[in-house]
Amino acid sequence: ILAARIEKTVKQCLLKSKKANGASLWLNVSVNVVVSERDWHLLYLAIEDVTAIKHKTREMEELFKNIPIGLGVYELCADGEIRTHILSSNIYELNLESPLEYLQHSDNGKLSKVIDAKIVAEFKEKILASVKDGKRKEMRYSFVRPNGEKVWLKSKFKAVAGTKNNYFCYVVLDRETN
């Protein structure tokens, strides 16, 4: 709520709760501060049950776990952000030091928090082009790991339209060898 108030924008978070029967409930919560006066705030909250998606995500993560190449599913959202949904464990070795480090820098999965803005902009353009023409796209770019090592990456991907003015992109990513 504080971030939404300060940045004057909608903020999202993923919450885990328990149902009365003990089952986990995952909620995607969007919050916007409509009016803020001294010590009170009028909020707009949108809450979506994403439990089924979370379970599917875990299933996919298990499938991806030991594949010797980076695999990922990204979403180009209606707000223009590209968010990470699923990543294979190998993708972390390609990009960052560990999954924990990636999550600490990603701000709810936002790719723009961990990848250079020019690369993200090119990725968006190619996602939209892939949706439009139905063809696979490729990218080659460098990435500087937190330890200072420059790594060249290549990716192939295809994107499809979602149901909420969004697009899903399925990516294969590997190190480029010169």
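Each value, and the rule that gives it
Residues numbered from 1 in each chain as written. Predicted model: local features only at pLDDT ≥ 70, side-chain atom pairs only at ≥ 80, totals over all residues. Heavy atoms only, no water. Helix = DSSP H or I, 4+ residues; strand = E, 2+ residues; numbered from the N terminus. Contact = heavy atoms within 4.5 Å. Areas by Shrake-Rupley, 256 points an atom, 1.4 Å probe, with all protein chains shown as cover. Pairing = 2+ DSSP bridges. Axes fitted to C-alpha atoms, helices over the stretch in contact; angles between N-to-C directions. Buried < 20%, exposed > 50% of the residue type's maximum accessible area, 1.4 Å probe, protein only. Expected span 1.5 Å × (residues − 1). Polar contact = N/O pair within 3.5 Å; in protein donor to acceptor, adjacent residues only side chain to side chain. Patch = residues over 30% accessible without salt bridge, like charges linked within 9 Å, V, L, I, M, F, W, Y side chains within 5 Å. Salt bridge = Lys/Arg side-chain N within 4 Å of Asp/Glu carboxyl O. pLDDT = per-residue confidence, 0-100. Phe/Tyr/Trp six-rings, centres within 6.5 Å; stacked < 30°, edge-to-face > 60°. Lys NZ or Arg CZ within 6 Å of the ring centre and 35° of its normal.

Draft legend 1. Inspection of the overall build of the protein chain at higher detail. Each helix and strand counted, the protein chain has five helices and eight strands in total. The long-range fraction of contacts in the protein chain, counting pairs at least 24 apart against all pairs at least 6 apart in sequence, stands at 41%. Accessible surface, the protein chain: about 11300 Å² in total, of which carbon and sulfur atoms supply 53%.

Draft legend 2. Geometry of the sheet that holds strand 2 (residues 24-37). Spatial ordering of the open sheet is given by 1-2-3, a layout of three strands whose pairing is antiparallel. The open sheet has two free edges, formed respectively by strand 1 (11-18) and strand 3 (40-49), since each of these has just one partner strand. Between one strand axis and the next, the sheet turns by 35° as a mean value, whatever way the strands run. The pairing of strand 1 with strand 2 spans eight bridges and is classified as antiparallel. Of the residues in strand 2, the one forming a bridge with Cys13 is Val29.

Draft legend 3. Summary view of the side chain of Lys11. By secondary structure assignment, the location of Lys11 is in strand 1. Given the relative accessible area of 18%, Lys11 is considered buried.

Draft legend 4. Up close: helix 5 (residues 117-133). The end-to-end C-alpha distance of helix 5, which contains 17 residues, comes to 24 Å, matching closely the 24 Å that a straight helix rising 1.5 Å per residue would cover. If you follow the buried residues of helix 5, they end up packed against strand 4 (70-76), strand 5 (82-87), strand 6 (137-144), strand 7 (150-161) and strand 8 (167-175). Where helix 5 starts, the residue carrying a side-chain oxygen 2.9 Å from the main-chain nitrogen of Lys118 turns out to be Asp116. Looking one or two residues beyond helix 5, the residue adopting positive phi is Gly134, at roughly 70°.

Draft legend 5. Main features of a nonpolar patch on the surface. Together, Val34, Val35, Trp40, Leu42 and Tyr44 make up an exposed nonpolar region whose accessible area comes to about 490 Å². Of all the secondary-structure elements, those providing two or more residues to the nonpolar patch are strand 2 and strand 3. Broken down by element, the nonpolar patch gets its largest block of residues, three residues, from strand 3.

Draft legend 6. Main features of the confidence of the model for the protein chain. In this model, the protein chain carries a mean pLDDT of 81, and residues with pLDDT of at least 70 account for 87%. Within the protein chain, no element has a lower average pLDDT than helix 4 (residues 99-106), which sits at 49, and none a higher one than helix 5, at 93.

Draft legend 7. The packing of aromatic side chains, seen in detail. Taken as a whole and judged by the stated rule, the model has two aromatic pairs. Taking the centre distance of 5.8 Å and the plane angle of 85° together, the rings of Tyr74 and Phe123 count as edge-to-face. Of this pair, Tyr74 sits in strand 4 while Phe123 sits in helix 5, placing them 49 residues apart in sequence. On the accessibility criterion, Tyr74 (7% relative accessible area) is buried. Residue class for Phe123 comes out buried when judged on its relative accessible area of 7%. When the centroid spacing of 5.0 Å and the interplanar angle of 85° are considered together, the rings of Phe123 and Phe157 count as edge-to-face. Here Phe123 is found in helix 5, whereas its partner Phe157 is found in strand 7, with 34 residues between them in sequence. The buried category is assigned to Phe157, whose relative accessible area is 1%. The cationic tip of Arg140 hangs over the ring face of Trp152; the distance from NZ or CZ to the ring centre is 4.3 Å.

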